[in-house]
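# Reading the structure
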Amino acid sequence: MATRNYWFGHKWLGAGLAPASWQGWLCLIVFIVVLGWTLTGVRTLAPDPATANAIALVLVLVETAVMFWIVWVKRDTSRVVRWRWFGGN
């Protein structure tokens with residue numbers, strides 16, 4: 001059995017990448033949990049709603065940028081990321 005050295009593979013239908021290994025799924029789950037905590041938990045730490053919203057916005061942008069970077073670095077590089085019709089090359 002060949003081992004995969006990538007976490008995110010090409011989608012079967014559409015454009016983009018999707019988790020292709022347990023590491024990719026774990027990364028996605030951690031991202032969702034951290035994003036959820038950011039959107040709910042930061043509001044309790046900030047002194048006023050405007051500050052809480054600004055902090056949450058900055059954190060969400062940073063978390064999303066980190067997720068995009070991880071997906072890009074750990075993707076399947078054997079094919080180009082483009083629109084696919086039901087798994088076609």
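Before reading on, note that the structure itself is shown above.
Residues numbered from 1 in each chain as written. Predicted model: local features only at pLDDT ≥ 70, side-chain atom pairs only at ≥ 80, totals over all residues. Heavy atoms only, no water.

## Focus on the overall build of the protein chain
Looking only at helices and strands, one finds two helices and two strands in the protein chain. Ordering the α and β elements of the protein chain from the N terminus gives β-β-α-α. A compact globule built from 89 residues would reach a C-alpha radius of gyration of about 12 Å, whereas the protein chain, at 17 Å, exceeds it by more than 25%. C-alpha extents for the protein chain along the principal axes are approximately 55 × 25 × 20 Å. For the protein chain, the proportion of its 89 residues judged to be buried stands at 25%. Residue pairs at least 24 apart in sequence account for 51% of intrachain contacts in the protein chain once pairs closer than 6 positions are excluded. Approximately 6500 Å² of the protein chain is accessible, and the part contributed by carbon and sulfur atoms is 73%. (Helix = DSSP H or I, 4+ residues; strand = E, 2+ residues; numbered from the N terminus. Rg over C-alpha atoms; globule rule 2.2 N^0.38 Å. Buried < 20%, exposed > 50% of the residue type's maximum accessible area, 1.4 Å probe, protein only. Contact = heavy atoms within 4.5 Å. Areas by Shrake-Rupley, 256 points an atom, 1.4 Å probe, with all protein chains shown as cover.)

## Some points on the packing of aromatic side chains
Enumeration over the complete set of coordinates arrives at one aromatic pair. Look at Trp 83 and Trp 85: their rings are 5.5 Å apart centre to centre, the planes differ by 65°, and that puts the pair in the edge-to-face class. The exposure class of Trp 83 is partly exposed, given its relative accessible area of 46%. Here the basic side chain of Lys 74 rests over the ring of Trp 7, its NZ or CZ set 4.9 Å away from the ring centre. Residue placement shows Arg 75 over the ring face of Trp 72; its charged tip is 3.7 Å from the ring centre. (Phe/Tyr/Trp six-rings, centres within 6.5 Å; stacked < 30°, edge-to-face > 60°. Lys NZ or Arg CZ within 6 Å of the ring centre and 35° of its normal.)

## Things to note about the side chain of Asp 76
By the secondary structure assignment, Asp 76 is in the segment after α2 (49–73). Of the side chains bearing the opposite charge, Arg 79 lies closest to the buried Asp 76, which forms no salt bridge; the N-O distance is 4.7 Å. Setting aside residues up to four positions removed in sequence, Asp 76 forms contacts with Tyr 6, Phe 8, Gly 9 and His 10. (Lys, Arg positive; Asp, Glu negative; His and termini not counted. Salt bridge = Lys/Arg side-chain N within 4 Å of Asp/Glu carboxyl O.)

## Topic: helix α1 (residues 22–45)
Here α1 contains 24 residues, and its C-alpha end-to-end distance of 33 Å stays within 8% of the 34 Å for a straight helix at 1.5 Å per residue. Taken residue by residue, α1 has Gly 24, Cys 27, Phe 31, Thr 38, Gly 41 and Val 42 as its buried positions. The elements touched by buried residues of α1 are β1 (8–10), β2 (17–19) and α2. (Expected span 1.5 Å × (residues − 1).)

## Quick word on the packing of α1 against α2
Axis separation between α1 and α2 bottoms out at 9 Å; the angle between their running directions is 170°. Compared by their axis directions, α1 and α2 come out roughly antiparallel. Each of Cys 27, Leu 28, Phe 31, Val 34, Leu 35, Thr 38, Leu 39, Val 42 and Arg 43 in α1 lies in contact with α2, whose residues at this interface are Ala 52, Asn 53, Ile 55, Ala 56, Leu 59, Val 60, Glu 63, Thr 64, Met 67 and Ile 70. Looking at side-chain class alone, the contact of α1 with α2 contains 14 nonpolar, three polar and two charged residues. (Axes fitted to C-alpha atoms, helices over the stretch in contact; angles between N-to-C directions. Parallel < 35°, antiparallel > 145°, perpendicular 65-115°, else oblique. Nonpolar A, V, L, I, M, F, W, Y, C, P; charged D, E, K, R; others polar.)

## Here's the deal with the environment of Trp 7
The topology assignment puts Trp 7 in the segment before β1. A sequence separation of 10 residues divides Trp 7 from Leu 17, and the C-alpha atoms of the two residues are 9.7 Å apart. Leaving out residues up to four positions away in the same chain, Trp 7 has contacts with Ala 18, Pro 19, Ala 20, Ser 21, Gln 23, Gly 24, Ile 70 and Lys 74.

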